[in-house]
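Read off the chains here:
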Amino acid sequence: MYRYRITQRRKRDWLSKKKSLGEKHPDTLEALNSFNNSLWREELYNELLPSLMQYYHLLCEVKGKDHPDTLVKLNELGVLLFTLEKYNESAEKLAQAFILRKLVLGPAHSLTLQSQKNLIVALRCAFRFPDSMKMAREMYNICKKEKGEKAEDTLFALKEEVLGCYFSGYEQRALELEKQYIESRKENGENDTQLLSEYEELSTILNFLHYFDQLVPVREKILLITEAAEGRTAEKTLKAMDQYASSLRKQSKSLTGDAKTKSTALTVTRELWCRRKEALGLTHADTLKAMEETVECLDFLCRYTEAINLQKELLCIYQANDKSRDSAENAMACLLELYLKDGQKEAAGELADQALQSLLSEEPLNEKQILRIRGIMQREHLSQNPQEE
């Protein structure tokens, strides 16, 4: 309330001076600037926009477009438009400020670089990624030459180029630059904990490119950092472990997957299941998902007896929950497939008949699962009832 009264007092002061002295008088301009500053502090951005626009145009007339005071307000106008999420308009104003500051002050001046930084971010937020990428590379080259490879502004430009490349579809280039960015920050003395967000972004790029052999150690590092900071069953730790386990399973199925990777995938996935069971409970959806993934790992390693026993346990959990009909039917079909892989054809036949009778007795019919079970029965000649052929 106190700030609001100050803002209203400054508005009255400006209007009074405008009436008595004229809108271009230095005292009037100073009063308008004070009023605008109050609007900034009060975060009254929609009211501020026309007022700041008016002040900028008055400065252009009184002091000229390339005067330092005018350029400051042009830059502020761009920042305000950005705050209002008018990113294209913001980029337009910030580009004007950058070009004029570059001409007047030079490309390496701190105010020029500040305008350039603002412009790069506005271009990125406006989804003009090729433009932001090009501007970031220009800034990087200037800052590297004038300030050095490890300077804050240099690293800012490098990171923005990473983002521009990634969102423009140049993922390989983004990967190279992200690795360079991380190494530069390490050389500046930052540790792994401080670089956690960068490791997460690196993992996103690696996952997109399906570079699972590189992805696995990065996600393992993310897990170790997160677990040390948050604890073994914290939500963030479980999420990091889930991503690590997922990358291991993906690598297991890729050309770079070996026996050790497959075994590690099982170990980590099973540990995730145990931790989720401890933190969330046996029947939580995330716990059951990890349980299913553990069965998948056992299946992939041809450890069918263990997979069958765990799948039976999973099936019992789903059958005990009236709301898990689809999950129970899917679990039964998966168990049927495991029996067949393990050579237990008699058990598979009994389960197939049981599954089909159960599916045909329920409303509405799950036609997809019925077709799936019948398909398996016909393929493996499991049907004990000729009418079901």
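In the block above lies the structure referred to throughout.
The paragraphs below set out a description of the structure included in this document. Along each chain, residue indices are assigned from 1 in the same order as the chain's sequence is written. The predicted origin of the model limits local features to residues at a pLDDT of at least 70 and limits the giving and counting of side-chain atom pairs to 80 or more, whereas totals for whole chains, interfaces and linings rest on all residues. Side-chain measures here rest on the full set of heavy atoms in the structure, leaving out hydrogens and waters.

Notes on the overall build of the protein chain
Helices and strands together make up the secondary structure of the protein chain, namely 18 helices and zero strands. Throughout, radius of gyration means the C-alpha value; the globule benchmark is 2.2 Å times the number of residues raised to the power 0.38. Taking 2.2 N^0.38 as the reference for a compact globule, 389 residues should give roughly 21 Å; the C-alpha atoms of the protein chain span a radius of gyration of 32 Å, well beyond that estimate. Considering only C-alpha atoms, the protein chain reaches an extent of 100 × 50 × 40 Å along its principal axes. The buried share of the protein chain, reckoned over its 389 residues, is 42%. Long-range contacts, defined as pairs at least 24 residues apart, comprise 53% of the intrachain contacts of the protein chain with a sequence gap of at least 6. Taken as two groups, the 57 positive and 62 negative side-chain charges of the protein chain have centres that lie 7 Å from each other. Going along the chain from the N terminus, every DSSP run of H or I of four or more residues is numbered as a helix, and every run of E of two or more is numbered as a strand. Partly exposed describes any residue whose relative accessible area lies between the buried limit of under 20% and the exposed limit of over 50%, with all areas from a 1.4 Å probe on protein chains only and scaled to the type maximum. Contacts are residue-level and defined by heavy atoms, with any inter-residue pair within 4.5 Å sufficient. We treat Lys and Arg as the positive residues and Asp and Glu as the negative residues; His and chain ends play no part in the count. Every charge is mapped onto a representative atom, which is NZ of Lys, CZ of Arg, CG of Asp or CD of Glu.

A word on the pattern of salt bridges
Each salt bridge in this description consists of a side-chain nitrogen of Lys or Arg and a carboxyl oxygen of Asp or Glu lying within 4 Å of one another. One pass over the structure, following the stated rule, counts 32 salt bridges. Residue Glu 198 pairs with Arg 185 through a salt bridge whose shortest N-O separation is 3.5 Å. Separated by 13 residues along the polypeptide, Glu 198 in helix H10 (residues 196–209) and Arg 185 in helix H9 (residues 171–187) bring together distant segments of the chain. The pair Glu 198 / Arg 185 is uniform in exposure class, with both members buried. Of the charged contacts, one joins Arg 276 and Asp 242 as a salt bridge, the two residues approaching to 3.4 Å between their closest N and O atoms. Pair noted here: Arg 276 is in helix H13 (residues 259–280) and Asp 242 is in helix H12 (residues 235–252), with a separation of 34 residues, a long-range link. Asp 242 shares its class with Arg 276; the two are buried.

As for helix H5 (residues 87–105)
Multiplying one less than the number of residues by 1.5 Å gives the expected span of a helix. Compared with an ideal rise of 1.5 Å per residue, which puts 19 residues at 27 Å, H5 spans 25 Å between its outermost C-alpha atoms and is within 8% of the ideal. Three or more residues of H5 are buried, namely Ser 90, Ala 91, Lys 93, Leu 94, Ala 97, Phe 98 and Arg 101. Those residues of H5 hidden inside the fold are in contact with helix H4 (68–83), helix H6 (110–125) and helix H7 (129–146). Positive backbone phi, approximately 100 degrees, marks Gly 106, located one or two places after H5.

Some thoughts on the environment of Leu 29
By the secondary structure assignment, Leu 29 is in helix H2 (residues 26–42). Take Leu 29: its relative accessible area is 7%, and that puts it in the buried class. Taking the C-alpha atoms as reference points, Leu 29 and Lys 18, 11 residues apart in sequence, are found 8.5 Å from one another.

As for the side chain of Glu 198
Taking relative accessible area as the criterion, Glu 198 reaches 6% and is therefore assigned buried. Within the local environment of Glu 198, its side chain forms a polar contact with the side chain of Lys 159, the two groups lying 2.6 Å apart. When neighbours within four sequence positions are excluded, Glu 198 is seen to be in contact with Lys 159, Glu 178, Tyr 181, Ile 182 and Arg 185. Identification of polar contacts relies on pairs of N or O atoms within 3.5 Å, with a donor-acceptor requirement for protein atoms, meaning one able to donate a hydrogen and the other able to accept it, and with residues adjacent in sequence counted only if both atoms are side-chain atoms.

Here we look at the packing of aromatic side chains
Where two aromatic rings form a pair, the distance of their centres and the angle of their planes describe that pair. Think of it this way: a Phe, Tyr or Trp ring, Trp meaning its six-membered ring, pairs with another when their centres are within 6.5 Å, and the plane angle makes it stacked under 30 degrees, edge-to-face over 60, tilted otherwise. This structure, assessed with the given rule, holds seven aromatic pairs. Aromatic side chains Phe 127 and Phe 129 sit 5.9 Å apart centroid to centroid with 80 degrees between the ring planes, which places their arrangement in the edge-to-face category. Given a relative accessible area of 13%, Phe 129 falls into the buried group. For the pair Tyr 166 and Phe 167, a centre-to-centre distance of 5.4 Å together with 75 degrees between the ring planes defines the contact as edge-to-face. Site record: aromatic cluster; members linked through ring pairs are Phe 127, Phe 129, Tyr 166, Phe 167 and Phe 208. Directly above the ring of Phe 156 sits Lys 117, whose terminal nitrogen or CZ lies 5.1 Å from the centroid. A cation over an aromatic ring shows up here: Lys 277 above the ring of Trp 273, its NZ or CZ 4.2 Å from the ring centre. Two thresholds decide whether a charge sits over a ring: the Lys NZ or Arg CZ must be within 6 Å of the ring centre and within 35 degrees of the ring normal.

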